[in-house]
Amino acid sequence: MENRMEPEEKLAENGEGEKHELENNNFKKKKRRRREVGGIKTMPFILANEICDRFASTGSHANMISYLTNQLNMPLVKASNTLTNFGGTASFTPLIGALIADSFAGRFWTIIVGSIIYELGLVSITISATLPQLRPPPCPTQENCKEASSNQLWILYLSLLLSSLGSGGIRPCVVTFAADQFDMSKSKVETRKWNFFNWYYFCMGMASLTALTVVVYIQDNVGWGLGLGIPTIAMAISVVAFVSGSPLYRRVKPMGSPLVRLAQVIVAAVKKRKEVAPEDPAMLYENRELDAGISSNGRLLHSGQYKWFDRAAIVTEKDEKDKNSPNLWRLATVHRVEELKCIIRMLPIWAAGILLVTSHSHQHSFVIVQARSMDRHLSPSFQIPPASLSIFSILTVLIGLVLYDRLFVPFARRFTKNPAGITCLQRMGVGFAVNILATIVSALVEIKRKQVAAHHGLLDKPTAVIPISVFWLLPQFCLHGAAEVFMSVGHLEFLYDQSPESMRSTAAALYWTAISIGNYIGTLMVSLIHEYTGKGKKGNWLPDRNLNRGRLENYYWLVSGIQVLNLVYYVICAWFYRYKPLEEVSESNGEGDVELAKESTKENALKDANGNGEVVVVTKGETN
């Protein structure tokens, strides 16, 4: 009997061996195919696209307040609100673009279509700046000016709307599309000597710096037709550059609408609200095959937060019949439940960015008006264009990113033992604090500017140059730049790292959505301040024409107070935040072993992988 069974056992053993070898070969082929596309070789094309896009957007919008007030003769508050409203729209459309990209179009095609629409917007505004009949008569004295007509403004609004729609396809997709070209799993990122998000932001800073120095100077000293034409040409080049690299890109296939998956989990949990979740999370529904397309970097593991939603993964007697092809509106996998939990955990941190944007949504416009009234001479024959002062903020960002990566991270690593120096939540918190200092300095500088104007009897002369150097504005620009090094980069990294991998475009869109909501709230706040501090009276904080008779410093004190409250809120949210638990799959010893890295500070465990090899769960948790 034993002798008769031996050949069968050998045959079974050989069959299992052949199956294992076939799986290993398939794994190696897939890995080889992944190496053929993506990687560092795609960066020249992607970054060329984004650099040209950032150059075009900065060059066309950085000085737009001057175009609206000096060329279209719009009042200051109306012009500022116009830019903020369209800025809010441009920051809201990325949510729509991200949903389109994640649901069916993919990031590649969403970027191309968005770039073309953006180009049409730039062409429109360039034409309006070139043809005299599309602008009102010049008004150099800024008194009794004839504003642009409705038809002239409609051309402006159309161009701004097209630019807003186009940015919806570009902003949420480019940074995530670039990150898709690399292995962004935690183990790979920790061993890397460079931070992708730092260097991405550095390249964008260089593009903005070039636009603020070259394009803004041309707009102020040569003409708006050429000044807006150059960004239009740059945007066309960006489309060509991006398309040229298409054979090299790694494209992540969209796996259906992430909002539908979130809705399915909620509906399933509501349907099973009377069910009692098992004490052992291992009893909840898992389906690797079903989740394969949305968890290529590893599935999300069960977490102890928001347990009410675990009801969606309870397998009832009715669900047992169709476990392999379940009704997703009734039964969800643990991975899909955890996707919803990830988004819920992120929202309080994300919301803290809204009031930060509100606090400085109008500052750029007001600072340009302040700078226009100050002594901007570098030499007897050369003046700094008011909008070019932003180069000091950009320079601070560029220098700060290098210092952060090369000095701060190695220094902090000695104390925190964190490969990144500090966590992205801690990095964001530092940015919030520095931004408060920036607005306090802004208030003090405005007080000083008006004191000098009063001393020389210039308070009632809005076009006069006050004998105070424009470099008094330099500290606030540098502080805003330092805050951006910490806050903006940390925020992007947080949203990318902590979002489910199938929702990364949507998560990146949340970054821009916070900017959108913040801009709209900023517009409301400025309108209320303008209305209730005495419209048309000398006591108005934000007058239409003569800022010297305003109370701009009071506006800065107000937003400083808002930011202090916001910082307290953020610290509380960050303290209670828990990083997502992720099953990270990595190759080990060439044998196809699987290591699961669970990013949690709560537990260490060893589990058996259903007879398919040892699965190790290792604690790699981060602290807040």
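The structure presented is a predicted model; accordingly, all values stated were derived computationally and were not measured. (Residues numbered from 1 in each chain as written. Predicted model: local features only at pLDDT ≥ 70, side-chain atom pairs only at ≥ 80, totals over all residues. Heavy atoms only, no water.)

### Thoughts on the environment of I116
Stage number 1. Relative to the assigned elements, I116 resides in helix α4 (residues 76-130).
Stage number 2. A relative accessible area of 44% places I116 in the partly exposed class.
Stage number 3. Expressed as a C-alpha distance, the spacing of I116 and L162, which sit 46 residues apart in the sequence, is 9.7 Å. (Helix = DSSP H or I, 4+ residues; strand = E, 2+ residues; numbered from the N terminus. Buried < 20%, exposed > 50% of the residue type's maximum accessible area, 1.4 Å probe, protein only.)

### Quick word on the pattern of salt bridges
When charged atoms on two side chains of opposite charge get close, those side chains can pair.
Stage number 1. Here the structure, examined in full by the defined rule, presents 7 salt bridges.
Stage number 2. Note that R299 is salt-bridged to E286, the shortest N-O span being 2.7 Å. With R299 in the loop between α10 (288-291) and α11 (317-320) and E286 in the loop between α9 (258-271) and α10, the pair connects residues that are 13 residues apart, well separated along the chain.
Stage number 3. Judged by relative accessible area, R299 falls into the buried class, the value being 10%.
Stage number 4. The partly exposed category is assigned to E286, whose relative accessible area is 39%. (Salt bridge = Lys/Arg side-chain N within 4 Å of Asp/Glu carboxyl O.)

### As for the nonpolar core
Stage number 1. Within the largest apolar cluster, 60 residues are counted, with the highest numbers of intra-cluster contacts made by I46, F242, I349, L425, F494 and Y570.
Stage number 2. Broken down by element, the residue count for this core peaks at 8 residues, all from helix α16 (residues 474-498).
Stage number 3. Excluding anything up to four places from it in sequence, I46 contacts V174, F177, A178, Q181, F242 and Y249.
Stage number 4. Listed in part, the 57 residues of the second largest apolar core include L72, V367, I394 and V445. (Core = buried A, V, L, I, M, F, W, Y, C linked by side-chain atoms within 4.5 Å. Contact = heavy atoms within 4.5 Å.)

### Concerning the confidence of the model for the protein
Stage number 1. With 84% of its residues at a pLDDT of 70 or more, the protein shows a mean pLDDT of 78.
Stage number 2. Ranking the elements of the protein by mean pLDDT puts strand β6 (residues 605-608) last with 30 and helix α18 (residues 552-576) first with 91.
Stage number 3. Low pLDDT, under 50, characterises residues 1-13; the stretch is placed with 0 contacts to residues that sit more than four places away or in other chains.
Stage number 4. Taken together, the stretch residues 27-35 has pLDDT below 50 and engages in 4 contacts with residues farther than four places along the chain or on a different chain. (pLDDT = per-residue confidence, 0-100.)

### Considerations on the packing of aromatic side chains
Stage number 1. A complete count under the given rule lists 20 aromatic pairs for this structure.
Stage number 2. On the numbers, 5.1 Å between centres and 85° between planes, the contact of F177 with Y249 is edge-to-face. Placement of the pair is F177 in helix α5 (residues 150-180) and Y249 in the loop between α8 (224-244) and α9, with a sequence separation of 72 residues. Assigned by exposure class, F177 and Y249 land together as buried.
Stage number 3. Here the aromatic rings of F392 and F471 are separated by 6.1 Å at their centres, their planes lie at 75°, and the arrangement is edge-to-face. (Phe/Tyr/Trp six-rings, centres within 6.5 Å; stacked < 30°, edge-to-face > 60°.)

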